[in-house]
Amino acid sequence: MEDPVLERARSRGEELGCTPVGTGAGAALRLLAALLPAKSVVEIGTGAGVSGLWLLRGMPADGVLTTIDIEPEHQRAAREAFAEAGIRGNRARVITGRALDVLPRLTDGAYDLVLCDAAKTEYDDYLEQAVRLLRPGGAVAFDNALWHDRVADPAQRDETTTAIRELGKRVRDDERLLPCLLPVGDGLLVAVKRG
């Protein structure tokens, strides 16, 4: 069950047409942020701030979320959600731009967790950037890894489903990573960068 701040953020997201992470995926992200413990997180796809709230609630009090989105409206909604939740402004670094233009400017090996929840057809490129950005023992997570149960159906061959299916195989076969597909929400693919 989500609190009123998360419910309002989710509602704003739906109004803006950006689908927030489900409650189960959010809870899993909060747990992952707490387990790491993630002091430095990159989020690709700010949306209206729902996943950012979940992540920040799992991060240490001095942790910083760097969140990237191409839509300034989404980021305004996220800032509103963060302020409503009482999150200090210096804990969320909001960057407007295309993720694949912004990510190369971030520091190698400086992050504990990378969440990918933006253009699904770019997930493969996000993976390479995430592995570069993560410290050993850090984790990358991809939301919508089941893509409305389409990924497991070989008859589904649209571009998005195929991209997510190929990402799963690539993560599974990447010796730098230790993966697990969590069946929460629409599927959360998590992989730890080996030391």
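**Q** Teacher, can you tell me more about the overall build of the protein chain here?
**A** Summing up its helical and strand segments, the protein chain has 7 helices and 7 strands in all. Listing each helix as α and each strand as β along the protein chain from the N terminus yields α-α-β-α-β-α-β-α-β-α-β-α-β-β. Whereas a compact globule of 195 residues would reach a radius of gyration of roughly 16 Å, the protein chain reaches 15 Å, a difference of no more than 12%. The 195 residues of the protein chain split such that 52% are buried. Taking the intrachain contacts of the protein chain between residues at least 6 apart in sequence as the baseline, contacts between residues at least 24 apart amount to 68%.

**Q** Help me understand the packing of aromatic side chains, please; the structure alone is not making it clear to me.
**A** The description of two aromatic rings rests on the distance between their centres and on the angle between their planes. Counting across every chain of the model gives 2 aromatic pairs. Judged by centre distance (6.0 Å) and plane angle (50 degrees), the rings of Y123 and Y126 are tilted. One end of the pair is Y123 and the other is Y126, both in helix α6 (residues 123-133) and 3 residues apart, which spans about a single turn. Look at Y126 and you get buried, because its relative accessible area is 2%. Ring pairing ties together the aromatic residues Y123, Y126 and F142, which thus form one cluster.

**Q** For this particular structure, what's the right way to read the packing of helix α1 (residues 4-16) against helix α3 (residues 50-58)?
**A** The N-to-C vectors of α1 and α3 enclose an angle of 150 degrees; their axes lie 9 Å apart at closest approach. As summarised for this structure, α1 and α3 are arranged roughly antiparallel, according to the angle between their axes. On the side of α1, the interface is formed by V5, L6, A9 and R10, while α3 contributes V50, L53, W54 and R57. Of the residues assigned to the contact of α1 with α3, the class counts are 6 nonpolar, no polar and 2 charged.

Cut-offs used in this document
- Residues numbered from 1 in each chain as written.
- Predicted model: local features only at pLDDT ≥ 70, side-chain atom pairs only at ≥ 80, totals over all residues.
- Heavy atoms only, no water.
- Helix = DSSP H or I, 4+ residues; strand = E, 2+ residues; numbered from the N terminus.
- Rg over C-alpha atoms; globule rule 2.2 N^0.38 Å.
- Buried < 20%, exposed > 50% of the residue type's maximum accessible area, 1.4 Å probe, protein only.
- Contact = heavy atoms within 4.5 Å.
- Phe/Tyr/Trp six-rings, centres within 6.5 Å; stacked < 30°, edge-to-face > 60°.
- Axes fitted to C-alpha atoms, helices over the stretch in contact; angles between N-to-C directions.
- Parallel < 35°, antiparallel > 145°, perpendicular 65-115°, else oblique.
- Nonpolar A, V, L, I, M, F, W, Y, C, P; charged D, E, K, R; others polar.

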